[in-house]
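Overview (structure and organization)
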Amino acid sequence: MKGTVAKPVVGIIGTGAIGGFYGVMLARAGFDVHFLLRSEFSAVAERGLHVDSAPHGALTLNPVQAYSSAEDMPPCDWLLVGAKTTSNADLAPAILKAAAPGAKVLLLQNGLDVEDSLRQLLPDSLHVLGGLCYICVHREGPGVITHQALGAVHVGYHSGCADEAARTAIVEEGVGLFRAAGIDSQAMANLNQARWLKLVWNIPYNGLSVVLGASTTPLMADADSRMLVKALMDEVVQGAIACGHEVPTGYAEHLFKVTENMPDYWPSMYHDFLHKRPLELAAIYARPLVVARAAGCEMPRIEALYRSLSFIERRNLG
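Presented here is an overview of the structure given in this document. These figures come from a predicted structure and were not determined experimentally.

Describing the pairing of strand β8 (residues 127-141)
Counting buried positions over the 15 residues of β8 gives twelve, a clear majority of the element. Pairing of β8 with strand β9 (residues 144-159) involves 13 bridges; the strand directions are antiparallel. Bridged to L132 within β9 is H154. Counting the residues that bridge the hairpin from β8 to β9 gives two residues, and of these G143 lies at a positive phi of roughly 75°.

This is the structure in structure tokens:
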């Protein structure tokens, strides 16, 4: 009789909309999931996590294995980082305390080169991976999450002490983790290329939601904002190509159609602006601008959007 393979222990670093949703889905699938929280620890420890999901219905996880300190967490084989990129430099101590030997650290974040700063603070024995989340989800309040649509996670290897075969196996393990929870997941052969492709959506819709105070439906319904979205998308594509990445023909047009068919959605940057949190400008705007410029490609519309957002953020934060 063959023995059963033990499921990995999973830790969630940053239990907001992203970490909360995927953590709940994994826990409901039978994984041993542990959640690290800061300001919402008491609320989640007392009342659990609640996801109002259009595709999956009302989901509740209660009790939750919740922690206010990483020191109290068990050694985790996988650490899913759902915190914003603005806090990456501060995450290393928590990751080191919660990581089992040889743990896989998966950053479920937007932006370019987001893994680099964290990589420098972690030993090579820990594997760093990037995860791209294609999902419409936001946090309603402490421990309460609304999931409107989609949900796929694409996984790619960034760095660590693994050879090529081991890297492939680690990525496939991560993909299998999500698939076991009923979540569509795929391996990414080129993480940097995939991050550029995701910026084709993130750069226009995140920034314009703040600058114009508009969600996706009104942005798509107005001729001028549609033209602006398309122009920004085209610049991202030019930047990706300049950096040596292949972009599928008609990719921006495909994202346009996907957005038209989505439920009306306020991107994550608008929620950060609304709640007076720092915006993820470095990862989503500043870094792509620097990298594209180094490759000989200027992106003036994106530069103008970035400067506008920088002004708005400074004013918003006081």
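That was the structure; now back to the text.
Overview of helix α6 (residues 191-211)
When the terminal C-alpha atoms of α6 are compared, their 29 Å separation across 21 residues agrees well with the 30 Å that a helix rising 1.5 Å per residue should span. Of all bends in α6, the biggest is about 35°, found at L199. Counting buried positions along α6 gives 18 out of 21 residues, so the element sits mostly inside the fold. Capping the start of α6 is the job of one residue whose side-chain oxygen sits 3.2 Å from the backbone nitrogen of N192: N190. Of the residues flanking the end of α6, it is G213, one or two places downstream, whose phi is positive at about 60°.

Side note on the nonpolar core
Membership of the largest hydrophobic core comes to 44 residues, with the highest contact counts inside it found for W196, V200, Y205, M233, M269, Y285 and I302. Those elements that provide at least two residues to this core are α6, α7 (216-221), α8 (223-242), α9 (251-261), α11 (281-294) and α12 (300-316). For this core, the element with the highest residue contribution is α6, accounting for nine residues. Sequence-distant contacts of V200, defined by excluding residues within four places in its chain, comprise M233, V236, V237, Y251, A252 and L255. Of all hydrophobic cores here, the second largest spans 41 residues; its members include A27, W78, V137 and V153.

Some remarks on the state of the cysteines
Within this structure, the stated rule accounts for zero disulfides. Distance from the sulfur of C161, which forms no disulfide, to the nearest cysteine sulfur (C76) is 18 Å. A relative accessible area of 53% means that C161 is categorised as exposed. Unpaired in terms of disulfides, C243 finds its nearest cysteine sulfur in C297, a separation of 7.4 Å. C243 sits in the partly exposed class, given a relative accessible area of 23%.

Some words on the pattern of salt bridges
Throughout the structure, instances matching the rule amount to 16 salt bridges. Where R139 meets E40, a salt bridge forms, and the shortest distance between an N and an O atom there is 2.2 Å. Linking R139 in strand β8 with E40 in the loop between β2 (32-36) and α2 (41-47), this pair joins segments that are 99 residues apart in sequence. What makes R139 partly exposed here is its relative accessible area of 28%.

A few points about the packing of α6 against α12
At their nearest, the axes of α6 and α12 sit 10 Å apart, and the two run at 40° to each other. As far as their axial angle goes, α12 and α6 are oblique. Note that α6 runs across α12; the crossing there is left-handed. Residue-level contacts link I203, G207, L208, V210 and V211 of α6 to I302, L305, S308, L309 and I312 of α12.

Quick word on the pairing of strand β4 (residues 57-61)
Bridge analysis of strand β3 (residues 49-53) against β4 gives five bridges, and the strand direction is antiparallel. By the bridge assignment for β4, D52 is matched with A58. Linkage of β3 to β4, two consecutive antiparallel strands, is achieved through a turn of three residues.

Definitions and cut-offs
Residues numbered from 1 in each chain as written. Predicted model: local features only at pLDDT ≥ 70, side-chain atom pairs only at ≥ 80, totals over all residues. Heavy atoms only, no water. Buried < 20%, exposed > 50% of the residue type's maximum accessible area, 1.4 Å probe, protein only. Helix = DSSP H or I, 4+ residues; strand = E, 2+ residues; numbered from the N terminus. Pairing = 2+ DSSP bridges. Expected span 1.5 Å × (residues − 1). Bend = angle between axes of the 7 residues up to and from the residue. Polar contact = N/O pair within 3.5 Å; in protein donor to acceptor, adjacent residues only side chain to side chain. Core = buried A, V, L, I, M, F, W, Y, C linked by side-chain atoms within 4.5 Å. Contact = heavy atoms within 4.5 Å. Disulfide = S-S within 2.5 Å. Salt bridge = Lys/Arg side-chain N within 4 Å of Asp/Glu carboxyl O. Axes fitted to C-alpha atoms, helices over the stretch in contact; angles between N-to-C directions. Parallel < 35°, antiparallel > 145°, perpendicular 65-115°, else oblique. Left-handed = near helix turned anticlockwise from the far one by under 90°.

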